[in-house]
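What follows is each chain in one-letter form.
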Amino acid sequence: MQKELHTGIDLAVALIKQDTLPALLNTATRQLENAFGLSKCWALELDLSGRTLHCTKLDDAGEFDCNDFSHPFAHVLQTGQPRELTRAASYRLDHAGFQGLLELSGRPRSFWLEPLKGEDGRTLGMLVLCGDHPDWQGIVTQPLYSGLKQLLVHQWISQLQTRDQVWQRRLLKRSLDHLHDAETLRQRCAQLATTLVGNSEAMTNLRAQVVRAAGSQLSVLIQGETGSGKDVVAQGIHDLSDRATGPMVVVNCAAIPDTLLESELFGHTKGAFSGADQAKEGLLAQANGGTLFLDEIGDMPMALQSKLLRVLESRQFRPLGAREEQHSDFRLVAATHQPLQEGIEGGRFRRDLFYRLSQFPLRVLPLRERSEDLEALSRHFVRLYTQREGGGPLGISSHALSALAGYNFPGNVRELRNIIELACLQTPAGDDIQPEVLRLDDLFAESSEAPEALVEAQAMSGVPTADDIHDLKAAAQAFEAAVIRERLRQYGGNRAQAAESLGLPKRTLAHKCLKYQVTDV
Ligand SMILES: Nc1ncnc2c1ncn2[C@@H]1O[C@H](COP(=O)(O)OP(=O)(O)OP(=O)(O)O)[C@@H](O)[C@H]1O
């Protein structure tokens, strides 16, 4: 009696010490084998779905479908009653998994199958006792057996509860993380909506993408027509990134002559080439800790593309004339209005650079494909105008908005901004902009009736007449600037088309724009 008590306490302590369900089942079955001289003891666990019995010790071989009555466990679960199975009877059951289990237990003379239930009637699983004892009743009615079984059930339930709680906590944490992420995304999108304006679905999606891109360190390639808002997107990426307090260095690859672009980007030492009388830090170095925005990347010469690719792979570069390499930690954002795919096919743009740049590709749709943005953008530009000028129109009338909705905007948002700013100028302070002051002449439409003379007159506005000329060079430059400004306006800000129409290389036009400070049309 004393010995039995000791054994019982030892067994109980061993069970209580286990802190995972597999360890508990493992210990319990081993203890049962030892305490009752069994050849083998298995514990099968019912899974969460209640459809499969599983024995952790046996891995895949230990899976038993509870609806498959070709093994005896399904019967025992269904009746909820323990039963004995003889070796002779066991041979008649042709369930491969069950036969495998019997083989592993050494095929003793008899088996005892006992379902285990919690106090609430919930089935936990099953004990399979294997032995050469014919007298199962003699074992299972012993207080030691029933005490151990009770303790096992108790510990089993508490392990399941702990597992449930861990899952619940994990689930809760995941939901909270998700909510937090969603809230952060919402807040950042709302912040971005003050500069990247528009209520269309496309713009809402673009803002979410920009926020995601900003949160990563990936290189971003922004594609979209001229004037569609690529610069605004690039600025948004910088402002929302963890580099926001660092520099944002903007390089317009089309505006810098090929011969200068390399030294501008990489910098040079004193005397690196004729005319380099001072060492100069390159833009790559200046972007350290911040963002390098390469605008019009499609215009970058091939030779420089290879060098840029190398820099992107290592963030190392060598200034012209320098011996040592330098390191710069920048995030690259590039933009282009050119279809780079065509550039790649035409051999003007490196395919490998394209893939390196477009780790996070973004596309800005032209304004004509998101006319829902017109109202918000128009109101935004009126607000910018009145803030800048210290007064102006109150807003824009619904008639004016309808007139805008019928227009095609070849020059995209930039063109809309110019139209609204011009309309602001012609609207008395405190009034709403009316349709009459909107200059909506679609010079691309075939039915355009814009008289040549008007275009001419507009081109010449601001140019002194022959009698007023006292400085021929200045007058010629004013004329050149006026023609360029007007031609850009005609082509909705598309520099490539404007340059072609004037018989100028694009780069020369870009130069002149810089020189005459023709930025927006
Ligand atoms: N969604 C927008 N919200 C507010 N302003 C915008 C938006 N899109 C464009 N703009 C404004 O329109 C003008 C043109 O935009 P931006 O310079 O970003 O175009 P872009 O695509 O970079 O043109 P380009 O190809 O000529 O460089 C700018 O004045 C810009 O502030």
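Residues numbered from 1 in each chain as written. Predicted model: local features only at pLDDT ≥ 70, side-chain atom pairs only at ≥ 80, totals over all residues.

**Looking at the environment of Tyr145**
By the secondary structure assignment, Tyr145 is in helix α7 (residues 143-192). With 17 C-beta atoms packed within 10 Å, Tyr145 lands in the partly exposed category. The contact partners of Tyr145, leaving out residues within four places of it in the chain, are Phe36, Ile139 and Val140. (Helix = DSSP H or I, 4+ residues; strand = E, 2+ residues; numbered from the N terminus. Buried ≥ 20, exposed ≤ 12 C-beta atoms within 10 Å, placed from the backbone. Contact = placed C-beta atoms within 7 Å.)

**Re the sheet that holds strand β14 (residues 331-336)**
As summarised here, the arrangement of the five strands in space is β8-β11-β14-β7-β15, forming an open sheet in which the pairing is parallel. Because the sheet does not close on itself, it has two edges, and the strands there are β8 (248-252) and β15 (360-364). Averaged over all neighbouring strand pairs, the angle between strand axes comes to 15°, with direction disregarded. When strand β11 (residues 291-295) meets β14, the two strands line up parallel, connected through four bridges. For Phe293, the partnering residue across the bridge sits in β14 and is Val333. (Pairing = 2+ DSSP bridges. Axes fitted to C-alpha atoms, helices over the stretch in contact; angles between N-to-C directions.)

**A word on the pairing of strand β1 (residues 40-46)**
Of all the seven residues making up β1, six are buried; the element is thus mostly covered by neighbouring parts of the structure. With six bridges joining them, β1 and strand β6 (residues 123-131) adopt antiparallel strand pairing. Paired with Ala43 across the bridge in β6 is Leu127. Inspection of the sheet shows β1 paired to strand β2 (residues 52-54) by two bridges, in the antiparallel sense.

**Considerations on the site of the ligand**
What surrounds the ligand is a group of 20 residues, the closest being Val197, Gly229, Lys230, Asp231 and Val413. Within the residue set of the shell around the ligand, elements represented by two or more residues are α9 (230-240), α15 (374-389) and α17 (412-425). Classifying every residue of the shell around the ligand by side-chain character gives five nonpolar, nine polar and six charged. Here the shell around the ligand spans two domains, since at least three of its residues come from each of domain 2 (193-365) and domain 3 (369-440). (Near = placed C-beta within 6 Å. Nonpolar A, V, L, I, M, F, W, Y, C, P; charged D, E, K, R; others polar. Domains from an automatic or database assignment.)

**Some points on the sheet that holds strand β4 (residues 83-86)**
Strands sit in the order β3-β2-β1-β6-β5-β4 across an open sheet of six strands; the sheet is antiparallel. The sheet is open, and its two borders are formed by β3 (63-65) and β4, each paired with just one other strand. The average angle at which neighbouring strand axes cross in this sheet is 25°, direction not considered. Of the pairings in the sheet, the one linking β2 to β3 comprises three bridges and is antiparallel in character. Residue pairing in the sheet places His54 in a bridge with Glu63 of β3. Where helix α3 (residues 72-79) meets the sheet, its contacts fall on β1, β2, β3, β4, β5 (110-117) and β6, and the angle it forms with β5 comes to roughly 40°.

**Things to note about the packing of α15 against helix α16 (residues 398-405)**
Between α15 and α16, the least distance of the axes is 10 Å, while the angle of their chain directions is 120°. Comparing their axes, α16 and α15 come out oblique. Here α15 and α16 pass one another in a crossing that is right-handed. Only Leu401, Leu404 and Ala405 of α16 make contact with α15, whose side of the interface consists of Leu374, Glu375 and Ser378. Split into classes, the residues belonging to the contact of α15 with α16 amount to four nonpolar, one polar and one charged. (Parallel < 35°, antiparallel > 145°, perpendicular 65-115°, else oblique. Left-handed = near helix turned anticlockwise from the far one by under 90°.)

**Points about the nonpolar core**
Grouped together as the largest cluster of nonpolar side chains are 54 residues, with contacts concentrated most on Val210, Ile222, Ile237 and Leu292. The biggest single contributor to this core is helix α8 (residues 201-215), with six residues. Structurally, this core is a two-domain feature, drawing no fewer than three residues from each of domain 2 (193-365) and domain 4 (448-521). If you look at the next biggest cluster of nonpolar residues, it comprises 32 residues, including Cys55, Phe111, Val128 and Leu152. (Core = buried A, V, L, I, M, F, W, Y, C linked by C-beta atoms within 7 Å.)

**Things to note about helix α21 (residues 506-515)**
Taken together, the buried positions of α21 are occupied by Leu509, Ala510 and Cys513. Within α21, the buried residues cover an arc of 100° as seen down the axis, which keeps them to one side. Downstream of α21 by a residue or two, Gln517 has a phi angle that is positive, lying close to 55°. (Arc of directions from axis to C-beta.)

**Let's talk about the confidence of the model for the chain**
Overall, the predicted model of the chain reaches an average pLDDT of 87, with 92% of residues at or above 70. Throughout residues 442-459 the model reports pLDDT below 50, and contacts reaching past four residues in sequence, or to other chains, amount to 16 contacts. Note on the complex model: pTM 0.61, ipTM 0.99. (pLDDT = per-residue confidence, 0-100.)

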